[in-house]
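Coordinate analysis (summary)
Listed below, chain by chain, are the residues.
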Amino acid sequence: MFLPRVPGHGDGGPAVRIFISYSSKHRELCDRLRLALEADGRHEVFVDRSDLSPGKPFDETLRRGIAESDLFLFLISPQSVSPGSYARAELSLAQARWRHPGGHVLPVMVEPTPMGDIPAYLRAVTLLEPAGDVVAETTAAVDALQPRGIGRWRLPLAAAGVLLLAAAGVGAFVWQRGRASEAQAEVALTTARELCDSGNHALAWQRFDDAVARHPDRPALRQSREDCAMRWLREIRLSGGEERFSDVVNRVLPPLAEAAALAGDGQRAADLRAHIGWADFLRGRDGATPVNPEAHYRKALTHEAGNVYAHAMWGHHLMATRGSISEARQHFAAALTAGRERAFVRRYQLSAMLFHQEPATGRAEALRIATEMRRAGETMDASMRDRLWSSVYHEVFVNRQAPEVLKLALRDAGGPNTFRWLYPEAKVRPDRKRLWRFLLASVEEAAGEKKTARARFDALRVELQREGATGSMLDGTLAALERLSLSAPVAASAPRAASVR
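Residues numbered from 1 in each chain as written. Predicted model: local features only at pLDDT ≥ 70, side-chain atom pairs only at ≥ 80, totals over all residues. Heavy atoms only, no water.

Some thoughts on the state of the cysteines
Such a bond, covalent and formed between the sulfur atoms of two cysteines, is termed a disulfide. In total, this model carries 1 disulfide according to the counting rule given. Here Cys-196 engages in a disulfide with Cys-228; their sulfurs sit 2.3 Å apart. The S-S bond linking Cys-196 to Cys-228 shows a torsion near 105°; that makes this disulfide right-handed. In this pair, Cys-196 sits in helix H6 (residues 157–197) while Cys-228 sits in helix H8 (residues 219–234), placing the two residues 32 residues apart along the sequence. Classification of Cys-228 as buried rests on a relative accessible area of 2%. (Disulfide = S-S within 2.5 Å. Helix = DSSP H or I, 4+ residues; strand = E, 2+ residues; numbered from the N terminus. Buried < 20%, exposed > 50% of the residue type's maximum accessible area, 1.4 Å probe, protein only.)

Section: the environment of Thr-139
Assignment of secondary structure puts Thr-139 in helix H5 (residues 134–145). On a C-alpha basis, the gap between Thr-139 and Leu-33 in space is 7.6 Å, while along the polypeptide they are 106 residues apart. Those residues within four positions of Thr-139 in sequence are excluded, and the remaining contacts are Leu-33, Ala-36, Leu-37 and Arg-207. Among the polar contacts listed, one links the side chain of Thr-139 to the backbone oxygen of Ala-136, at a separation of 2.8 Å. (Contact = heavy atoms within 4.5 Å. Polar contact = N/O pair within 3.5 Å; in protein donor to acceptor, adjacent residues only side chain to side chain.)

Topic: the pairing of strand E4 (residues 105–109)
Summarising burial for E4: 5 of the 5 residues are buried, a large majority. Here strand E3 (residues 71–76) pairs with E4 via 5 bridges, running parallel. The partner of Leu-75 across the bridge, within E4, is Val-108. Each parallel crossover has a hand, and for E3 linked through helix H3 (residues 86–97) to E4 it is right-handed. (Pairing = 2+ DSSP bridges. Right-handed = clockwise from strand over helix to strand, strands pointing away.)

Considerations on the pattern of salt bridges
Under the defined criterion, the tally for this structure stands at 33 salt bridges. The closest approach of N and O atoms between Arg-268 and Glu-226, which form a salt bridge, is 2.8 Å. Of this pair, Arg-268 sits in helix H10 (residues 267–285) while Glu-226 is found in helix H8, placing the two residues 42 residues apart along the sequence. A relative accessible area of 26% means that Arg-268 is categorised as partly exposed. Relative accessible area serves as the criterion here: at 14%, Glu-226 is assigned to the buried category. Measuring nitrogen to oxygen at the nearest pair gives 3.7 Å for the salt bridge that ties Asp-247 to Arg-244. Judged by relative accessible area, Asp-247 falls into the partly exposed class, the value being 31%. Accessibility expressed as a relative area gives 40% for Arg-244, which makes it partly exposed. (Salt bridge = Lys/Arg side-chain N within 4 Å of Asp/Glu carboxyl O.)

Below you can see the structure in the form of structure tokens.
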């Protein structure tokens, strides 16, 4: 439920109370939107449905939430406008409160939905159809609405000041303003951190910039903004269009450079310096004038000899520039020894090896790293598993690109175990099940488990021929059985057709 209204909250008036109606399919989007709206302390958002169960009467808490809200934000999707949905029921309550939605209801299209399925009440106002980031465009639209029909929530600052002065005097007023400022800074810090942790770096950065401008004397805000800048650089993903790595680097680099100049010595100084080097590397990816980030990494290691970021980023840089793989291994080993950010190190380590200018050598090293992670009980994120699937296993056993160095890596006795660890059968996509069996049999053959591989290939052959299948999977299966000297005669392969997925 909403908290009691508190004059002086946010930027000078009571908080705007916003009710978000959504389909459970878009809960994660709703959570990110809530964080963004609450980030500047000017909004209170109600989204909770945890006490509701299908088929039970509509909860009184939701009725009150809508009755006490200033703005009703409806996330449009085929699920939310479906008859009988909770969102439609919530919309009915909003319609009962506001006969016309103008100034009170903001419909946001979050998933393509036929216009005829959208209730007429929502179509009575302009629908927001974000062309880019839904969260950023929605928060901007909410801000744009505030001077309009929602203006009643604001308590004039001058009137509030007169009342406070009359009641408690100038000293009490200043003290109260100081406490309010501290509370606002804390809210801004918490919400911006949450946005950054959730991966919404651009919006988090905007909130940090606003908060630092309002509260320039808060060191915690500046340090958290630097932490978010470093995280953004490590996790940067381009969204396409005209965006470049440099667009992000140019935003975050000045605060990092300023902080590095004042940081002195130790881990913090090393972290900042290493990320400045990584920023230079990213700008080089855009084709900018080449800058050697190694100077920054070397400087970082003078601040902290075992700095995890400097070593991991230096190792990655070596692989991206045809450097020594043995030297890169030393840097990654030092980064792992640092004892922090192990998942980050592994991600950069694997990415570097798959980025290696000699693909076979890099892929062989990636397989060695994966086996090492399995034996150490570590985990690997889904995106890296997908890269290994396509760049290593599919490339070797389907496209038949297996130089000797890669064949040696695949002969590791733990090869089949590593493959099963990366891709547990129960979690393999249905459309990949058959290819999974083919690849596992191939890994078993490479590891010398010939009897197991022969049985698996033979079962796959029977299934494919029973279904009249043709193509490279059947060809590869028959070729493997021939290599394994199957005693039973093997039927000739059908003409090659569609390739294996």
